[in-house]
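Residue-level structural notes
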Number of protein chains: 2
Amino acid sequence: MQVSVSQSERDRRAAAAEPVRRATMRDVAALAGVSIKTVSRVINGVSTVSDDLRDRVTRAIAQLDFQPNLAASSLRRTDGATRQIALLLEDVANPFSATLSRAVENVAREHGTLVFTGSLDEEPQRELELVRAATLHRVDGIIIAPAAQDHGYLHREIRTGTPVVFVDRPPRGLVADSVLATNAEGAREAVLHLADHGHTEIAFLGDETSIATAGERLAGYRRALAERGLPERPGRVAMDLPDPETAARALAAMLDSDHPPQALFTAQNLVTIGAIQTLQERGLHQDVAVVGFDDFPMADLLVPRVSVVAQDVMRIGTLAVQRLFKRIAGDDGPCREERVPTTLIPRGSGEIPPPGR
Amino acid sequence: MQVSVSQSERDRRAAAAEPVRRATMRDVAALAGVSIKTVSRVINGVSTVSDDLRDRVTRAIAQLDFQPNLAASSLRRTDGATRQIALLLEDVANPFSATLSRAVENVAREHGTLVFTGSLDEEPQRELELVRAATLHRVDGIIIAPAAQDHGYLHREIRTGTPVVFVDRPPRGLVADSVLATNAEGAREAVLHLADHGHTEIAFLGDETSIATAGERLAGYRRALAERGLPERPGRVAMDLPDPETAARALAAMLDSDHPPQALFTAQNLVTIGAIQTLQERGLHQDVAVVGFDDFPMADLLVPRVSVVAQDVMRIGTLAVQRLFKRIAGDDGPCREERVPTTLIPRGSGEIPPPGR
DNA sequence: CTGTTAGCGCATTCAC
DNA sequence: GTGAATGCGCTAACAG
C-alpha cells in the first residue's frame with residue numbers, strides 16, 4: 001500500500017514535470033563541437049566523415065538520446081519520402097483484412113516504413129476521407145481495397161506522386177495496379193465440384209452486388225452451371241447479404257421454397273457462416289452440401305468440416321506491397337493487374353451427395 | 001484488346017509524366033492575391049479574416065487543389081501534434097489484436113488522427129524497434145500490448161511528451177496507464193463453473209509463462225480450486241503453449257497419463273482451439289468439459305458449442321484510446337489501471353458433466 | 001573531409 | 001483585419 005502510493009506520487013510528479021525538450025541536431029553538434037551538417041552526415045551514414053568526428057558525434061547522440069525528426073528530414077529531402085504508407089481496408093477487424101494488414105506490415109518493415117491502417121466499412125465517403133487524410137500526411141503510397149464505385153478522384157494523387165495499388169477489388173474509372181484473387185475461376189471450380197458430386201440444384205449466396213468481386217464470383221457460378229448443362233432456376237441466387245444474419249434468413253427462405261437447393265455455393269466468408277447457422281438450426285448440416293469462398297479459422301473443426309475455395313491472402317497482400325514499393329522507387333512501367341489463384345480445399349461439407357444417392 | 005493496350009499506354013504516359021508539383025500555401029496566396037499568412041488563417045479557421053479575402057482564398061484552394069502539408073504544419077506548431085498515434089499489438093492478424101485495432105481506429109477517427117499498427121510477435125526486440133520508429137515519426141502517443149519484460153526504457157519517451165497506454169498486459173518497471181481484463185477473476189469464474197458442474201479433475205492449459213496475463217489466469221485457476229477444496233494435481237497444469245499444435249500435443253499427453261482430466265480450462269484462444277482439435281480427434285468432445293478464456297468466432301457453431309469467458313475487447317480498446325487522448329490533451333493526473341470485467345458465456349462445452357453423473 | 005548558406009512548408013511573433 | 005520577418009529541424013548545394 002505504502003509502496004503503491006509512493007509510486008503513484010512519484011509518477012504524478014514525473015508526468016507533471018514539463019515535458020523535457022527533445023534534443024535536436026543543433027544540440028548534438030554543440031556537444032560534439034562540430035557543425036550541424038557533420039551530425040547530419042553521421043546520421044545518414046555518409047562515409048566522408050573522419051573517424052574522430054564520427055566518434056564524437058556518435059557519443060553526443062547517445063549522451064543526449066538524440067532521435068532525428070523524420071518529418072523534418074523528409075520535408076527537406078529531395079525525394080520527400082515520409083516512410084509511411086496507408087492501407088485502407090474494408091474493416092481491419094475482419095480476418096481477411098487483418099491478414100492483408102499483416103502481409104503489408106512484413107514487407108513495409110523491410111523498407112523501414114510504417115503502415116497506417118483504416119477501415120472503409122463499404123462507405124465511399126469514408127474512402128474519400130481516409131485517402132485525404134493519407135495525402136495530408138504525405139504518405140509515400142496507398143494500398144486500397146476500395147469501397148467507392150469510381151476512383152477517378154485518385155488520378156490526382158497518382159499524378160502528384162502518390163502511387164496507389166488496389167487489392168481484392170479492381171479500380172474503376174482509373175488505370176492503376178491491382179492484385180486480385182481469381183474470383184470467377186475459384187467460384188467456377190467450387191460449383192463444378194458440387195456438380196461433379198451429383199448436384200443439380202445448386203444455390204448461390206453472395207454479398208453486395210456493388211462489390212466487384214461478388215459479381216465475378218456470380219459469373220463463375222453461372223459459367224459452371226452452363227458448362228454442366230444445368231439451368232439457373234429462379235430464386236436460386238441471393239445477393240446483397242452483408243452479414244451472417246441476413247445470409248441465414250435468405251437461406252431459410254430458399255429452404256422454405258417449393259424447390260429447396262441441395263447444395264450451396266456461399267460466395268463470401270460471413271455468408272458461409274450465416275448459411276451454416278441456418279443448416280445447423282434445421283438439422284440439415286449433414287444433408288446439404290456447402291462450399292464457401294475464402295477460408296476461415298475453425299473451418300476444419302466444424303461438423304461437417306467446411307470445404308472452401310481458399311484465397312492466398314498473404315500472397316495477395318505481399319504482391320500488392322511489393323508492387324507499391326516498386327512504384328515508390330520510381331517504376332513507371334505500365335499498370336498491371338495480377339491475379340492470385342485460389343485453391344479448392346475439400347473437407348467434407350462440399351462432398352455431401354444429393355439425397356437419394 | 002485494342003482498348004486495353006491503349007489504356008495501358010495512356011497510363012504509362014501519365015505515370016511517366018513528371019509528378020505534378022503539389023500546390024503550397026505560397027501558390028494559393030499568389031493566386032488569391034493575399035499574403036501567405038492569410039491563407040494560413042483561412043485554413044486554420046481563424047475568424048479574423050474578411051469575407052472577401054476568405055472567399056478568394058477558398059476559391060484559390062479549390063482551384064489549385066491545395067492540400068496543406070500536415071507534417072510541415074506540426075513542425076512549426078507550438079504543440080507539435082502530428083495527429084498520428086501508434087498501436088503496437090501482438091499480431092495484427094489475430095482476432096483479439098484486430099478487434100483492438102478497430103476500437104482504436106474508431107476513437108482516433110473522431111480526433112482526426114491516423115493509427116499506425118505494428119506486430120510485436122512476442123519479440124522484445126521488435127517492441128524496441130517499433131517504439132523507436134514511432135518516436136522518429138513523432139507520434140502523439142502510443143498504445144502497446146507489450147512483448148518486453150521491462151518497460152523502463154519508455155520512461156524517456158513519456159518524459160519527452162509521448163504518452164503511453166498499455167492494453168491487455170500491464171507495464172513492468174514503469175508506472176503508466178493500463179487497461180486490462182479481469183484475468184484472475186475471469187479464470188476463477190470459469191473454473192468455479194466447471195467445479196459447480198461436478199468436476200474435480202480440472203486441468204489448466206495456458207500460453208507463455210512470460211506473459212503477465214497467463215500468470216493472472218493461472219492464479220485465478222488456483223484460487224478457484226482452493227475455494228472448492230480441490231487439490232492441484234501434478235501434471236494438471238500445462239503452460240508455454242504458444243500455438244494450437246503445441247496445445248494439442250500437451251493435452252494429448254495429459255489424456256494419456258494415469259489420471260486424465262475430466263474438464264479443461266484453456267486460458268487462451270489458440271490453446272482452446274488446439275485442445276478442441278485433440279478432443280475431436282479422440283472422439284472426446286462430448287465427454288470432456290471445456291471452458292476457454294476469450295471468445296472466438298465460430299465458438300457457437302462447433303459441436304458442442306464452446307463455453308467461454310469472454311473479454312470485452314472493444315471496450316478495452318476504447319478505454320485505452322480514450323485514456324491516451326486525455327493524456328495527449330494534457331491530463332497529468334496519476335496513472336490508472338483500469339480493469340474490464342469478463343463475461344461467462346455457457347454454450348454447452350462447459351456444462352458437460354463428469355463421467356458417471 | 002568539413003562548414004556555411006539557403007530553404008522545405010508552414011505557424012508564430014509582432015508590427016501596421 | 002492584414003502582412004513582414006523569423007525559425008521549427010533538417011538536408012541540399014555549394015564553398016573551402
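Cut-offs and rules
Residues numbered from 1 in each chain as written. Chains lettered and ligands numbered in written order. Predicted model: local features only at pLDDT ≥ 70, side-chain atom pairs only at ≥ 80, totals over all residues. Heavy atoms only, no water. Contact = heavy atoms within 4.5 Å. Buried area = accessible area lost by both parts, 1.4 Å probe. Salt bridge = Lys/Arg side-chain N within 4 Å of Asp/Glu carboxyl O. Helix = DSSP H or I, 4+ residues; strand = E, 2+ residues; numbered from the N terminus. Nonpolar A, V, L, I, M, F, W, Y, C, P; charged D, E, K, R; others polar. Core = buried A, V, L, I, M, F, W, Y, C linked by side-chain atoms within 4.5 Å. Buried < 20%, exposed > 50% of the residue type's maximum accessible area, 1.4 Å probe, protein only. Pairing = 2+ DSSP bridges. Axes fitted to C-alpha atoms, helices over the stretch in contact; angles between N-to-C directions. Domains from an automatic or database assignment. Near = heavy atom within 4 Å. Polar contact = N/O pair within 3.5 Å; in protein donor to acceptor, adjacent residues only side chain to side chain. Phe/Tyr/Trp six-rings, centres within 6.5 Å; stacked < 30°, edge-to-face > 60°. Parallel < 35°, antiparallel > 145°, perpendicular 65-115°, else oblique. Left-handed = near helix turned anticlockwise from the far one by under 90°.

**A short note on the interface of chain A and chain B**
Contacts between the two partners involve 69 residues from chain A and, on the opposite side, 70 residues from chain B. Here chain A and chain B share an interface that buries about 6,500 Å² over both sides, 54% of which is from carbon and sulfur atoms. Considering only the surface of chain A that becomes buried against chain B, Arg-22, Arg-138 and Leu-301 of chain A emerge as the three largest contributors, covering 11% of it. One salt bridge in this structure joins Asp-65 of chain B and Arg-156 of chain A, with 3.2 Å as the shortest N-O distance. When residues of the side of chain A that touches chain B are traced back to their parent elements, those giving at least two are helix H1 (2–16), helix H5 (70–76), helix H6 (95–110), strand S2 (114–119), helix H7 (124–136), helix H8 (154–159) and helix H12 (269–281) of chain A. Considering each element in turn, the side of chain A that touches chain B owes the most residues, 8 residues, to H7 of chain A. In terms of residue class, the side of chain A that touches chain B is built from 31 nonpolar, 19 polar and 19 charged.

**So, the nonpolar core**
One finds Leu-88, Ile-142 and Ile-144 of chain A together with Leu-88, Ile-142 and Ile-144 of chain B to be the most contacted residues of the largest nonpolar core, which totals 36 residues. With 25 residues, the next largest nonpolar core counts Ala-214, Ala-267, Val-291 and Val-309 of chain A among its residues.

**Thoughts on the sheet that holds strand S8 (residues 263–266) of chain A**
Residues and elements named next belong to chain A. The strand order across the open sheet built from 6 strands is S7-S6-S8-S9-S10-S12, with neighbouring strands paired in mixed fashion. The open sheet is flanked by strand S7 (237–238) and strand S12 (343–345), the only strands paired with a single partner. Across 2 bridges, the pairing between strand S6 (residues 202–205) and S7 is parallel. By the bridge assignment, Leu-205 is partnered in S7 with Ala-238. Together, S6, S8, strand S9 (289–293), strand S10 (307–310) and S12 form the strand contacts of helix H9 (residues 183–196), whose direction differs from that of S9 by roughly 170°.

**A few points about the domain arrangement of chain A**
The domains assigned to chain A are domain 1 (7–68), domain 2 (84–181 + 314–340) and domain 3 (183–311 + 343–351). For domain 1 of chain A versus domain 2 of chain A, the separation of C-alpha centres amounts to 36 Å.

**A few points about the protein's contact with DNA strand C**
Neighbouring DNA strand C are 26 residues; Thr-38, Ser-50 and Arg-76 of chain A together with Met-25 and Lys-37 of chain B lie closest to it. Among the atoms of DNA strand C close to the protein, meaning within 4 Å, 59% are from sugar or phosphate groups. Contact distances for DNA strand C include 2.4 Å between a phosphate oxygen and a backbone N or O atom of Ser-50 of chain A. With respect to DNA strand C, the side chain of Asn-44 of chain B contributes an N or O atom lying 3.2 Å from a phosphate oxygen. When residues of the surface near DNA strand C are traced back to their parent elements, those giving at least two are helix H3 (36–43) and H5 of chain A together with helix H2 (25–32), helix H3 (36–43) and helix H5 (70–76) of chain B. Broken down by element, the residue count for the surface near DNA strand C peaks at 4 residues, all from H5 of chain B.

**Thoughts on the packing of aromatic side chains**
One pair of aromatic rings is described through two measures. These are the centre distance and the angle between the planes. Applying the stated criterion across every chain, the model contains 7 aromatic pairs over all chains. Seen in terms of ring centroids, Phe-265 of chain A and Phe-293 of chain A are 6.5 Å apart; in terms of plane orientation they differ by 75°. Their pairing is edge-to-face. One end of the pair, Phe-265 of chain A, is in strand S8; the other, Phe-293 of chain A, is in strand S9, and 28 residues separate them in sequence. Of the two residues, Phe-265 of chain A and Phe-293 of chain A, neither departs from the other in class, the shared state being buried. With 5.8 Å between their ring centres and 55° between their planes, Phe-204 of chain B and Phe-265 of chain B make a pair best called tilted. A residue pair is termed long-range when its members are at least 10 positions apart, and Phe-204 of chain B in strand S6 (residues 202–205) and Phe-265 of chain B in strand S8 (residues 263–266) qualify at 61 residues.

**What to know about the side chain of Ser-119 of chain B**
Secondary-structure assignment places Ser-119 of chain B in strand S2 (residues 114–119). A distance of 3.0 Å separates a polar atom in the side chain of Ser-119 of chain B from the backbone nitrogen of Val-92 of chain B. Look past the residues within four positions of Ser-119 of chain B in its chain and what remains in contact with it is Arg-102 and Glu-105 of chain A together with Leu-89, Glu-90, Asp-91, Val-92, Arg-126 and Leu-130 of chain B.

**Describing the pattern of salt bridges**
Residues and elements named next belong to chain B. In total, this model carries 48 salt bridges over all chains according to the counting rule given. Ionic pairing is found between Arg-222 and Glu-232, a salt bridge with its closest N-O pair at 2.6 Å. Of this pair, Arg-222 sits in helix H10 (residues 212–227) while Glu-232 sits in the loop between H10 and strand S7 (237–238), and the two are 10 residues apart along the sequence. A residue is classified by how much of its surface remains accessible, and Arg-222, at 39% relative accessible area, is partly exposed. The shortest N-O distance in the salt bridge between Asp-295 and Arg-347 comes to 3.0 Å.

**Observations regarding the packing of helix H2 (residues 25–32) of chain A against helix H4 (residues 51–64) of chain A**
If you want to describe how two helices pack, look at the angle between their axes and the distance between the axes. Residue and element names in this part refer to chain A. As a packed pair, H2 and H4 sit with axes 9 Å apart at the nearest point and diverge in direction by 125°. Comparing the axis directions of H2 and H4 gives the class oblique. Crossing of H2 over H4 shows right-handed handedness. From H2, Asp-27, Val-28, Leu-31 and Ala-32 reach across to H4, where they touch Arg-56, Val-57, Ala-60, Ile-61, Gln-63 and Leu-64.

**Observations concerning the sheet that holds S7 of chain B**
All names here are of chain B. The sheet built from 6 strands is open, its strands ordered S7-S6-S8-S9-S10-S12 with mixed pairing. A single partner strand is all that each edge strand has here, and the edge strands are S7 and strand S12 (343–345). Bridge count for strand S9 (residues 289–293) against strand S10 (residues 307–310) is 3 bridges, and the pairing is parallel. Bridge pairing links Gly-292 to Val-308 in S10. Packing against the sheet, helix H9 (residues 183–196) makes contact with S6, S8, S9, S10 and S12, and its axis sits at approximately 170° to S9. The sheet strands contacting helix H11 (residues 244–256) are S6, S7 and S8, and the helix crosses S6 at an angle near 155°.

**Comments concerning the environment of His-197 of chain B**
All names here are of chain B. Its location among the elements puts His-197 in the loop between H9 and S6. Residue classification places His-197 among the partly exposed residues on the basis of a relative accessible area of 27%. Residues His-197 and Val-139, 58 residues apart in the sequence, show an inter-C-alpha distance of 50 Å. Within the structure, His-197 has its side chain in polar contact with the backbone oxygen of His-193 (distance 2.9 Å).

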